[in-house]
Amino acid sequence: MKFSLSQYKKLCEACNDILLESKDNLTRQSIPWLHVLNEHPTTLKKYNQLWLKENYFKDILKFFIFFLLSLLKKGENKEKDFLKKPGLNVDVLIISHLFNKSQLKEVEDFYFGDLTRKLEEQNLNSIRFMLNHTSTSSEDLIKSEKTSKFSSSTYFFLDSLNKKTMIKIFKDLFLESIKLRKDSIEETDIFKKKVLRHASYQALSISSFKSCIYFFELYEILEKLKPSFVLITLEGHAREKLTFFCSKLFSKKIISIGYQHTILFPNQNAIKNYASKKFIPDMIFTSGEINKKILKKKLSDVYDIKIENVGTFRSKQKKIKNSKTITKKYCLILPDGNIEDIKNFSHLVEKINIPEKDFLVRLHPSYSLDVLQNKYKLFLRYPKNVEFSKEKDLILDLEKSTYAIYRGSGAIIYAVQNGLEPIYFEVNKELPLDPLIDFGKNITKVSNADQLRKALNNFEDINPNIADKNSNKLKELGSKYFEPYNHSKIMNFLKSNL
């Protein structure tokens, strides 16, 4: 199913209205499906059933099985022991994410970098809790933690509570499902009626159950830590909004902070829309001045929220060098961090027949070539002049590349910051995702291998002066999109509000 822009906007409007109509209903706000993040095909894939024959039996069955298994879960581990520790003094609770087990070996956090160390240098105590998005259970990850570099002040959310609370969540979601079904019967608008009906099924989903569990688990943690600040990533997810609500519910003294760390698509939705002020952070940190302006334009007048540009640890002052030792210059391929986008790029790579050029594919950190080749045969087929990057540091791949092919990857910002020529890969009938859309018509677009060949040949014919002028404009744009981490801004805000 390929969404048109009008269909996408209609979907956003319907879901936003359904959340707004029950703005004080925690259970409804906990349904992730109702928070439409953006127009990315992977995001929209879960809404395809709005146009297909309904078949939710398996999902609802999984929901019941998950509930029953949750009741049998003991939860005797480090995280539960942590709640029994006396006299913990915490200034900042950091909530981050684990998408790949390789992160367990990293010293720096994937989203917040070395922030915990910087806080310690300023005599501010912090504890980090991770939301586990891997296929391995949090319990098993905890057992393997001894072999990782994770600090003793890092813990995992467990998706586990006492039986009484689990039964309450089950009951609340079941009643919300019935209410949404009744609302769909009474609704006169045909499309919204359909969205309400599907939302009633989504209330009985594992993702909705986990969102509710997260809320109560977080409340337990806040009771124990009593932090002055709660810091979490900000993209518009249900759990993020529940974090802000939970912090306000527990204590008005807690200052909740959402860190907007990545690119914003042209028609971003959930991060700009909130059912009420209860679900909004007290402060938003952004990764650059461009995103600050976008959010300020939408949020400041409506919600009276503070927004500060603090940059990102990934955008370091280090720039690529003109090294004479680099003899090969690649065309760098930058897929998103989702399997559909990786598949689209793999089809492009498979059909590349440009022997005079060398191509370098840099996969998102959440995927590895070995895993992809084991699961999908198409990743075993690619031309001899195509390589897969083994570099951990993006700057090393940028250093040996001249061009960068991209779609919705934030890595393109770092590419243009360092002078690479961007080439946007259009996928047939999919909504545009170009992070460089503000640069307008000057971005080269291709949709197949033949167009890519022509584009690369055209670049070689461009007057060097014109090329440099365009490159400088892109560098300027990129420098405002992702800026270097400004730790002093963060520390000054925290210390002035302690």
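Remember, it's a predicted structure, so these values are computed and weren't measured experimentally. (Residues numbered from 1 in each chain as written. Predicted model: local features only at pLDDT ≥ 70, side-chain atom pairs only at ≥ 80, totals over all residues. Heavy atoms only, no water.)

Caption draft 1: Representation of the overall build of the protein. Each helix and strand counted, the protein has 19 helices and 13 strands in total. Residues counted as buried form 54% of the 498 residues belonging to the protein. (Helix = DSSP H or I, 4+ residues; strand = E, 2+ residues; numbered from the N terminus. Buried < 20%, exposed > 50% of the residue type's maximum accessible area, 1.4 Å probe, protein only.)

Caption draft 2: A look at the pattern of salt bridges. Scanning all chains against the criterion turns up 21 salt bridges. Salt-bridge contacts for Glu 430 lead to Lys 2; the nearest nitrogen and oxygen are separated by 3.2 Å. Of this pair, Glu 430 sits in the loop between β12 (421–425) and β13 (444–446) while Lys 2 sits in the segment before α1 (5–20), and the two are 428 residues apart along the sequence. In this structure, Lys 392 engages Glu 106 in a salt bridge whose closest nitrogen and oxygen atoms are separated by 2.8 Å. Pair noted here: Lys 392 is in the loop between β10 (386–388) and α15 (394–399) and Glu 106 is in the loop between β1 (92–98) and α6 (115–121), with a separation of 286 residues, a long-range link. Its relative accessible area of 66% is what places Lys 392 among the exposed residues. Judged by its relative accessible area of 29%, Glu 106 is partly exposed. Members of the salt-bridge network, linked through shared partners, are Lys 2, Asp 341, Arg 407 and Glu 430. (Salt bridge = Lys/Arg side-chain N within 4 Å of Asp/Glu carboxyl O.)

Caption draft 3: Expanded view of the nonpolar core. In this structure, Leu 93, Ile 95, Phe 157, Leu 218, Leu 398, Ile 412 and Leu 436 are the most contacted members of the largest nonpolar core, which totals 61 residues. If near-sequence neighbours (up to four positions away) are discounted, Ile 95 is found in contact with Phe 112, Phe 129, Leu 131, Phe 157, Tyr 214, Leu 218, Val 230, Leu 231, Ile 232, Thr 233 and Thr 243. Cys 331, Val 349, Ile 352 and Phe 459 belong to the second-largest nonpolar core, a separate cluster that totals 28 residues. (Core = buried A, V, L, I, M, F, W, Y, C linked by side-chain atoms within 4.5 Å. Contact = heavy atoms within 4.5 Å.)

Caption draft 4: Summary view of the packing of aromatic side chains. If you walk through the whole model with that rule in mind, you get 31 aromatic pairs. Taken together, a centroid distance of 6.3 Å and an interplanar angle of 55° make the contact between Phe 229 and Phe 493 tilted. Residue Phe 229 is located in strand β4 (residues 229–233), and its partner Phe 493 is located in helix α19 (residues 487–496); the two are separated by 264 residues in the primary sequence. Grouping residues by exposure puts Phe 229 and Phe 493 together as buried. For the cation-ring pair, Lys 241 lies above Tyr 274, with the distance from its terminal atom to the ring centre recorded as 4.8 Å. A cation over a ring is seen here: Arg 314 above Phe 110, with NZ or CZ 4.4 Å from the ring centre. (Phe/Tyr/Trp six-rings, centres within 6.5 Å; stacked < 30°, edge-to-face > 60°. Lys NZ or Arg CZ within 6 Å of the ring centre and 35° of its normal.)

Caption draft 5: Representation of unusual backbone geometry. Even without being glycine, Asn 123 reaches a positive phi, approximately 60°. Of note, Lys 226 is a non-glycine position whose phi angle comes to about 50°, a positive value. Relative to the helices and strands, Lys 226 is located in the loop between α10 (206–225) and β4. Look at Lys 226 and you get exposed, because its relative accessible area is 55%.

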